[in-house]
Amino acid sequence: METIYLNPENLADYQQKASLSVMALGFFDGIHNGHREVIKTAFQKAKERNLSLSVMSFFPHPKTVLSNGKTHVDYLMPLSDKEKIFCELGVDIFYIVEFDREFASLSPEKFAAKYLVDLGVVHAVAGFDYTYGFRGVGNMDRLISDSGGILEVTKVDKVEYQGEKISSTCIREKLASGNIEDLSAFLGRLYEVACEWDGTSLSVRPHYTLPAPGKYVVTVRGANQSQVLEMIVTKEKELIPLKSFSELAANNNGVLSIIWHEQILGKVKNSYQEHGWIQGVVQIG
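Residues numbered from 1 in each chain as written. Predicted model: local features only at pLDDT ≥ 70, side-chain atom pairs only at ≥ 80, totals over all residues. Heavy atoms only, no water.

## A short note on the overall build of the protein chain
Part 1 of the argument: For the protein chain, the count of helices and strands is 11 helices and 17 strands.
Part 2 of the argument: Against the globule reference of 19 Å for 285 residues, the protein chain gives a C-alpha radius of gyration of 21 Å, in line with a compact fold.
Part 3 of the argument: Referenced to the eigenvectors of the C-alpha coordinate spread, the extents of the protein chain come out at roughly 60 × 35 × 35 Å.
Part 4 of the argument: Within the span of the protein chain, comprising 285 residues, buried residues form 47% of the whole.
Part 5 of the argument: Considering only contacts within the protein chain whose residues lie at least 6 apart along the sequence, 71% involve residues at least 24 apart.
Part 6 of the argument: Carbon and sulfur atoms make up 49% of the accessible area of the protein chain, which totals about 13,900 Å². (Helix = DSSP H or I, 4+ residues; strand = E, 2+ residues; numbered from the N terminus. Rg over C-alpha atoms; globule rule 2.2 N^0.38 Å. Buried < 20%, exposed > 50% of the residue type's maximum accessible area, 1.4 Å probe, protein only. Contact = heavy atoms within 4.5 Å. Areas by Shrake-Rupley, 256 points an atom, 1.4 Å probe, with all protein chains shown as cover.)

Written as structure tokens, this is what we have:
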């Protein structure tokens, strides 16, 4: 997969190099099950046409730019994690557009022309609530006309879990309340954050979100080993493991990830054995 960072300075060059593709559009923070449905649909359209599959996302988050930095967005994953998952999902080209005031001021028609049609996109796929252009006035119902009738468009319906819309915002709200047990149903996997251990403390890498303060059952994982233990998240967003994992950290040069299973409220609600979690250091693979 090729990753391309787009900005006004290099846009014309990539327009000239672009080949025809089907494109999935969205911010894709967390790449949850709703996002996966969009990408799966775009993948099928690309396969039917024997074309490349491209994905277009944006960075930083539009809310941060449009609020002049006053709105803080808790990202669910960094761009590097998006790249890895997109590659696994069969994406050929990952466009990351620099979201700034100039980009935000584009009319819907100019966005469709410059960032879709001129980049070789022949079919655009996005969720039912995707918007674009100045003040977000563009939407999937007008994208065909905004492209001058050039694009084919597929609008993907809302994806729900137990009557609740699956969205990045909803996932952030569940993390903020400590309700992490439902996350796998929304993400299609357990929530995982990358971190580093310096011998005395754990630090989470940028662009991840920790759950609310409390005590949790987690798996600390390295490249070839993992260990289940209890972890406290403090009000200051510090991580305090309640069991040593020095062997695991040493064997992985302090580069680890934390997989979040459940919050402990008063007592452990479910046993490790019931969930298939294994305590102690375990070799992977």
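And the narrative resumes.
## Some remarks on the packing of aromatic side chains
Part 1 of the argument: In total, this model carries 15 aromatic pairs according to the counting rule given.
Part 2 of the argument: An angle of 85 degrees between the planes, with centres 5.6 Å apart, marks the rings of F28 and F86 as edge-to-face. Of the two residues, F28 sits in the loop between β2 (21-25) and α2 (33-49) while F86 sits in helix α4 (residues 79-88), which places them 58 residues apart along the sequence.
Part 3 of the argument: Judged by relative accessible area, F86 falls into the buried class, the value being 0%.
Part 4 of the argument: Ring geometry for F111 versus Y115: centroids 6.0 Å apart, planes at 15 degrees, classification stacked. Remark: Y115 and F111 occur in helix α6 (residues 108-116); sequence separation between them is 4 residues, near one turn of the helix. Here the two residues F111 and Y115 agree in accessibility, since each one is buried.
Part 5 of the argument: An aromatic cluster is present here, built from F58, F99, F103, F111, Y115, Y130 and Y132 joined pairwise through their rings. (Phe/Tyr/Trp six-rings, centres within 6.5 Å; stacked < 30°, edge-to-face > 60°.)

## Observations concerning the sheet that holds strand β4 (residues 93-98)
Part 1 of the argument: The strand order across the open sheet formed by 6 strands is β1-β4-β3-β2-β5-β8, and the pairing between neighbours is parallel. Each of the sheet's edge strands pairs with one partner strand only, and the pair in question is β1 (2-6) and β8 (152-156). Neighbour to neighbour, the strand axes of the sheet diverge by 20 degrees on average, direction disregarded.
Part 2 of the argument: By the bridge criterion, 6 bridges tie strand β3 (residues 52-59) to β4 in an arrangement that is parallel. Paired with S57 across the bridge in β4 is I96.
Part 3 of the argument: Lying over the sheet, α2 contacts β2, β3, β5 (121-127) and β8, oriented at roughly 160 degrees with respect to β5.
Part 4 of the argument: In this fold α4 packs onto β1, β3 and β4, with an angle of close to 155 degrees to the strand it touches most, β4. (Pairing = 2+ DSSP bridges. Axes fitted to C-alpha atoms, helices over the stretch in contact; angles between N-to-C directions.)

## Brief notes about unusual backbone geometry
Part 1 of the argument: Cis peptide bonds are those with omega within 30 degrees of zero, and the linkage from F59 to P60 qualifies with 0 degrees.
Part 2 of the argument: The residue P60 is located in the loop between β3 and α3 (62-66) in this model.
Part 3 of the argument: Its identity is not glycine, yet I31 carries a phi of approximately 45 degrees, on the positive side.
Part 4 of the argument: Within the secondary structure layout, I31 lies in the loop between β2 and α2.
Part 5 of the argument: The phi dihedral of K237 falls on the positive side, at around 65 degrees, and the residue is not glycine.
Part 6 of the argument: For K237, a relative accessible area of 41% translates into the label partly exposed.

## Comments concerning the pairing of strand β13 (residues 214-221)
For a regular strand, the rule is simple: side chains alternate between the two faces of the sheet.
Part 1 of the argument: Counting buried residues in β13 gives 6 out of 8 residues, a clear majority hidden from the surface.
Part 2 of the argument: Where β13 folds back on strand β14 (residues 225-233), the antiparallel hairpin that results is connected by 3 residues.
Part 3 of the argument: Alignment of β13 against strand β16 (residues 255-264), held across 7 bridges, turns out to be antiparallel. Bridge pairing links V218 to W260 in β16.

## As for the pattern of salt bridges
Part 1 of the argument: Under the criterion given, the structure shown has 11 salt bridges.
Part 2 of the argument: The structure contains a network of salt bridges with shared partners spanning E109, R142 and D146. (Salt bridge = Lys/Arg side-chain N within 4 Å of Asp/Glu carboxyl O.)

## A word on the pairing of β4
Part 1 of the argument: Burial of β4 is extensive: 5 of the 6 residues sit out of reach of the surface.
Part 2 of the argument: Bridge count for β1 against β4 is 5 bridges, and the pairing is parallel. Directly across from T3, in β4, lies its bridge partner F94.

## Focus on the layout of surface pockets
Part 1 of the argument: For the largest pocket, the calculated volume is near 1,100 Å³.
Part 2 of the argument: Taken together, 40 residues make up the lining of the largest pocket; nearest its centre are G26, F27, D129, Y130 and T131.
Part 3 of the argument: Those elements that provide at least two residues to the lining of the largest pocket are α2, α3, α5 (101-104), β6 (131-132) and α8 (168-177).
Part 4 of the argument: Within the lining of the largest pocket, the residues separate by chemical class into 18 nonpolar, 13 polar and 9 charged.
Part 5 of the argument: Here the second largest pocket is characterised by a volume of approximately 540 Å³.
Part 6 of the argument: In this structure, the second largest pocket is lined by 25 residues; those nearest its centre are D81, K84, E192, Y208 and R221.
Part 7 of the argument: Contributing elements (two or more residues each) for the lining of the second largest pocket: α4, β11 (192-197) and β16.
Part 8 of the argument: The greatest single-element share of the lining of the second largest pocket, amounting to 5 residues, is contributed by α4. (1 Å grid on protein atoms, 1.4 Å probe; cavity = no way out; pocket = protein on both sides within 12 Å on 5 of 7 lines; lining within 4 Å. Points joined across faces, edges and corners; volume = space filled by probe spheres on them. Nonpolar A, V, L, I, M, F, W, Y, C, P; charged D, E, K, R; others polar.)

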